[in-house]
Amino acid sequence: MNMQQLLQIVQPVLGYPLDPKEQIPVISQANGPLWVVAGPGSGKTEALVVRTLKLIFVDRVSPKSIMITTFTEKAAKNLFDRILNYASHIFQNDPALQQAIDIHSLRIGTLHSLCNDIMLEYRHPGYENYRLLDDLEQYLFVYEHSDLVQDNSTNYLPLWQRFDYLVSHWDYITDSAGWGDRTRPPNRWRRAKAAVSIFNRIVEDMIDLNQMRNQGGVWQLLSDAYEDYMCNLEDHGRCDFAHLQSKFLEFLNSLLGDLFLSGDGSERHPGITYVMVDEYQDTNPIQEAIYLKLTESHHNLCVVGDDDQALYRFRGGTVDCMVTFDRACARRWGISPNQVTKKFLSANYRSHPDIVRYCDDYIKSFPVMGLSGARVAGKPVLVSKGGISGNYPAVGYVTGKTIEETADNFARLVRDLLDNIIQLPSQCALLMRSVRESPRYAGPFAEALRRVAIQPYNPRSRTFLKQEEIMTALGAFVSVIDPNLAANPTSAALSSIKGPGIQRMVEGWVREYQRITATNQALSNYVSQSLAYIASQAPNSWLGVNILEILYRILAHEPFSTWENDPERSYRLGKLTKIFETYASVPYPGSPGSTRGNLRTSNVSQGEVSFGWRQDFYYSLVGLLVSEGMSDPEEEEIICPEDRLPIMTVHQAKGLQFPFVFVYGLNQRPSQESSVSLEDDLSQFRQNPSLLAFSQQQRTEQDLIRFYYVAYARAQYVLVHLAPQAHLKGGFGFAGRDVHRFQQSVPTV
DNA sequence: CTGGGTGCAGTTTTT
DNA sequence: CTGCACCCAG
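Residues numbered from 1 in each chain as written. Chains lettered and ligands numbered in written order. Predicted model: local features only at pLDDT ≥ 70, side-chain atom pairs only at ≥ 80, totals over all residues. Heavy atoms only, no water.

Caption draft 1: Region of interest: the overall build of chain A. Counting secondary structure elements, chain A contains 33 helices and 19 strands. Over its C-alpha trace chain A gives a radius of gyration of 28 Å, about what one expects of a compact globule, namely 27 Å for 749 residues. The principal-axis extents of the C-alpha atoms in chain A amount to approximately 80 × 70 × 60 Å. Every one of the 749 residues in chain A was classed for burial, and the buried ones make up 59%. Considering only residue pairs separated by 6 or more positions, chain A has 80% of its internal contacts joining residues 24 or more positions apart. If you sum the accessible surface of chain A, you get close to 30,100 Å²; carbon and sulfur atoms cover 48% of it. Here chain A contributes 71 positively and 82 negatively charged side chains, and the mean placements of these two sets differ by 4 Å. (Helix = DSSP H or I, 4+ residues; strand = E, 2+ residues; numbered from the N terminus. Rg over C-alpha atoms; globule rule 2.2 N^0.38 Å. Buried < 20%, exposed > 50% of the residue type's maximum accessible area, 1.4 Å probe, protein only. Contact = heavy atoms within 4.5 Å. Areas by Shrake-Rupley, 256 points an atom, 1.4 Å probe, with all protein chains shown as cover. Lys, Arg positive; Asp, Glu negative; His and termini not counted. Charge placed at Lys NZ, Arg CZ, Asp CG, Glu CD.)

Shown next, in the form of structure tokens:
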């Protein structure tokens, strides 16, 4: 098959021709480093898909020799589905190919999943019999095993003073008063959370530990604490997401890794000959090192991304990798930066020309984005090439005296749209910083929509822990492990719970449980029996029950058996079970073989579950649930039911598009992010220092500007700012640009 | 329309 | 503790 024949099959499925100046060159250039700088809605993923097809069907590269990574599981699945869809058309056209080519052997996924799969496939000795920790498990593991968390003394005080920015925000929210000048360490779960951020960052930014230790003081304390954590992981056979990547890099540098990379001519080990990376703007330094190592011998590395849409610094992503890709290749491979082919995808097929222009003007209007290194050099203006046109105001705002009034005007505008122009609420989207339904965030907007009979869809509103079935299950559980609480919920303070937030939460669960059991004796009987059983056991002995079993038994009673018939409730209870499973899997320090799932009786108060176990449960697990909130589980396939109006965070909306986009929260000022500070603090110890040198304030501003840019670029037909009077004055999202003011009804589209 | 005073509520995201 | 949203005086 040649390129012409491939395009003849692909283009009818795609529905529009691939751009001969922009997309085709990206598809056809196979060899050497390729740096694709793509604007929003420019068909970058499509270019990557067709490039893959071209390598497989035209160049006849073995699919097993091609690696394609993206940022999320969802995006990876989407990418593979598209490839499969095209492949099926190609196979229909030439059935013989189906026998010859195993498309499923493509190495496609998130970098993390590929690291895991490949090391298992090759039985890398450094990655055998490890349990991979997800974020909750990592947090719980650190909580139990890190000296930084376990040591309550003032030993680590200087370190906590140094990293105050990682914990102080939470102090103010969950304590009635903060520690002020920090004369005591923060509480345990805050220490655990901060420790996780620091440990992950040390690995992902490839910090030189010796260099850090030699700095002395808090840096030495930190190096020791990190090494202690790493040893604990090894001792217990655990691996976190960050170390998954460092282990993979080790693997690549081993003999086995060489077999994987170079192959041996067999079908089983064809070697890796092409690597493609989507969403490269969110890559971190260790991932950059992995990609450059993977392609060290042939340089066939193609990265695709939009430096203006970097959103994941909190996760270690640094846009520097995208902006300085040519120099990074040069530094690592010893080539010249201009041997890296740079291609721009600047056509926008998504939005009305006015929206395209608005986005372009927006990002360029900030001096901080014009500084050298803020964006990829030479980035051209976005050019609108979509089919959407028409002479109507495509960008504007809705205002009101207060948030409530603004929300009302917004709801009326949507009502009017539905009555006259659009068919479904899901053709709109409301994007905001936080989707919690509180008075400052999504609350007024959700209510205003309901008043005009439009149902919002807001699965991430963090109401999981407030759901009847979850509260009842947890209420029953804590009643079993904490008899004081069962007898009198307000005695929470006496039951080893000190944090007021945790106290309130637990008290609410028990009350809900008691309300439900007023008419469901079977469940309360089970709880009484369990309490009696525990009371009959000798002090300081292991109970023969796992907390997961207790939860299962609770769920076997009414009203849960009835609730399980409701898919939404059943789904949520499944998530609760998963959380318990995770907690139960955390190894118990000091008692080999046992885990947090095993209960022990107290050696002090006869007939109770150990005080220490309870305290750890409340502080580590409940503390985290309370502080983070929990969201409902989401169906993977569903973006939004079509008869609802989605309320989303900008991160959620990334990669999606909607005909009508409403954005709230334009008054936001850049406020110092802890991830920016941490990045800066550790930068002096990096093995591959960043090639850029923006100040913390500059990076913070750039991040905020990019954040809004991503939101605005979601809109296809109309982009509407939701701005109460006070917001119109300034802020980074709007800055008084001259746009149309939408009243309660829209002009004809 | 501006600005100071008061009162209240309290991020987000992923492997 | 901050920072905002809102109110009211000027």
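Caption draft 2: Geometry of the packing of aromatic side chains. Under the defined criterion, the tally for this structure stands at 36 aromatic pairs. Measuring from centroid to centroid gives 6.0 Å for Tyr 122 and Phe 251, while their planes differ by 55°, and the two rings are tilted. Here Tyr 122 is found in the loop between helix H6 (111-121) and strand S4 (131-132), whereas its partner Phe 251 is found in helix H14 (residues 241-252), with 129 residues between them in sequence. Note on Tyr 122: relative accessible area 7%, which makes it buried. One aromatic cluster is present, built from ring pairs that chain together Tyr 358, Tyr 362, Phe 366, Phe 707, Tyr 708 and Tyr 712. The ring of Phe 163 has Arg 162 sitting right over it, with the charged end atom 6.0 Å from the ring centre. A cation over an aromatic ring shows up here: Lys 575 above the ring of Phe 464, its NZ or CZ 5.4 Å from the ring centre. (Phe/Tyr/Trp six-rings, centres within 6.5 Å; stacked < 30°, edge-to-face > 60°. Lys NZ or Arg CZ within 6 Å of the ring centre and 35° of its normal.)

Caption draft 3: The arrangement of the protein's contact with DNA strand B in detail. In the vicinity of DNA strand B there are 22 residues, among which Thr 72, Glu 73, Phe 314, Arg 315 and Arg 462 approach most closely. Sugar plus phosphate, as a fraction of atoms of DNA strand B within 4 Å of the protein: 59%. Here a phosphate oxygen of DNA strand B and a side-chain polar atom of Ser 434 are 3.0 Å apart. A distance of 3.3 Å separates a base oxygen of DNA strand B from a polar atom in the side chain of Glu 673. Grouping the constituent residues of the surface near DNA strand B by class yields five nonpolar, eight polar and nine charged. (Near = heavy atom within 4 Å. Polar contact = N/O pair within 3.5 Å; in protein donor to acceptor, adjacent residues only side chain to side chain. Nonpolar A, V, L, I, M, F, W, Y, C, P; charged D, E, K, R; others polar.)

Caption draft 4: Focus on the nonpolar core. One finds Phe 248, Phe 260, Leu 294, Phe 477, Val 478, Trp 613 and Phe 617 to be the most contacted residues of the largest nonpolar core, which totals 130 residues. Non-local contacts of Phe 617, meaning those with residues more than four positions away in its chain, are made with Phe 477, Val 478, Ile 481, Phe 580, Tyr 583 and Val 622. (Core = buried A, V, L, I, M, F, W, Y, C linked by side-chain atoms within 4.5 Å.)

Caption draft 5: Structural detail: the domain arrangement of chain A. As far as domains go, chain A holds domain 1 (3-123 + 248-345), domain 2 (134-239), domain 3 (383-460 + 639-745) and domain 4 (464-628). Taking the mean C-alpha position of each, domain 2 and domain 3 sit 35 Å from one another. Contact with domain 2, which involves 16 residues of that partner, is made by 12 residues of domain 3. When the two sides are added together, the surface that domain 2 and domain 3 hide from each other amounts to roughly 1,400 Å², 61% of it contributed by carbon and sulfur. The three residues of domain 2 that bury the most area against domain 3 are Tyr 165, Arg 201 and Met 206, which together make up 38% of that side's buried surface. Our enumeration of links across domain 2 and domain 3 arrives at one salt bridge. Broken down by secondary-structure element, the contributors of at least two residues to the side of domain 2 that touches domain 3 are helix H10 (164-174), helix H11 (188-204) and helix H12 (209-214). When residues of the side of domain 2 that touches domain 3 are assigned to their parent elements, the largest contribution, four residues, is made by H11. Grouping the constituent residues of the side of domain 2 that touches domain 3 by class yields nine nonpolar, three polar and four charged. (Domains from an automatic or database assignment. Buried area = accessible area lost by both parts, 1.4 Å probe. Salt bridge = Lys/Arg side-chain N within 4 Å of Asp/Glu carboxyl O.)

Caption draft 6: Structural detail: helix H16 (residues 285-294). Most of H16 sits out of view: 10 of its 10 residues are buried. Among the residues of H16, those classed as buried are Pro 285, Ile 286, Gln 287, Glu 288, Ala 289, Ile 290, Tyr 291, Leu 292, Lys 293 and Leu 294.

Caption draft 7: Structural detail: the sheet that holds strand S1 (residues 34-38). Pairing in this open sheet of six strands is parallel, and the strands run S3-S2-S6-S7-S1-S8 from one edge to the other. Pairing within the sheet leaves two strands with one partner each, and these edge strands are strand S3 (107-110) and strand S8 (341-345). Here the strands of the sheet are splayed against their neighbours by 15° on average, with no regard to which way each runs. Two elements, strand S6 (residues 274-277) and strand S7 (residues 301-305), share three bridges in a ladder whose sense is parallel. (Pairing = 2+ DSSP bridges. Axes fitted to C-alpha atoms, helices over the stretch in contact; angles between N-to-C directions.)

Caption draft 8: Summary view of the pattern of salt bridges. Inspection of every chain in the model, using the stated rule, returns 45 salt bridges. Between Arg 572 and Glu 469 there is a salt bridge, with its nearest N and O atoms 2.5 Å apart. Of this pair, Arg 572 sits in helix H29 (residues 567-585) while Glu 469 is found in helix H23 (residues 468-481), placing the two residues 103 residues apart along the sequence. Comparing Arg 572 with Glu 469 shows no difference in burial state: the two are buried. Where Arg 699 meets Asp 680, a salt bridge forms, and the shortest distance between an N and an O atom there is 2.3 Å. Taken as a pair, Arg 699 in helix H33 (residues 696-712) and Asp 680 in helix H32 (residues 674-683) lie far apart in primary sequence, 19 residues in all. If you follow the salt bridges from partner to partner, you end up with Glu 468, Glu 469, Glu 512, Arg 515, Asp 566, Glu 568, Arg 569 and Arg 572 in one network.

Caption draft 9: How the structure looks around the sheet that holds strand S16 (residues 644-648). Strand order in the open sheet made by the seven strands is S13-S16-S12-S17-S18-S11-S19, with parallel pairing throughout. Two strands lie at the open edges of the sheet, namely strand S13 (455-457) and strand S19 (740-741), each paired on one side alone. As paired strands, S13 and S16 are joined by three bridges and run parallel to one another. What sits directly across from Pro 456, in S16, is Leu 645. Helix H19 (residues 353-364) rests against strand S11 (395-398) and strand S18 (715-722) of the sheet, and its axis sits at about 55° to S18. Against the sheet, H33 touches strand S12 (428-431), strand S17 (658-664) and S18, its axis set at about 130° to S18.

Caption draft 10: Spotlight on the side chain of Asp 616. By secondary structure assignment, the location of Asp 616 is in helix H30 (residues 611-628). Ignoring any residue separated from it by four or fewer positions in sequence, one finds Asp 616 in contact with Tyr 143, Arg 188, Tyr 583, Arg 596 and Leu 621.

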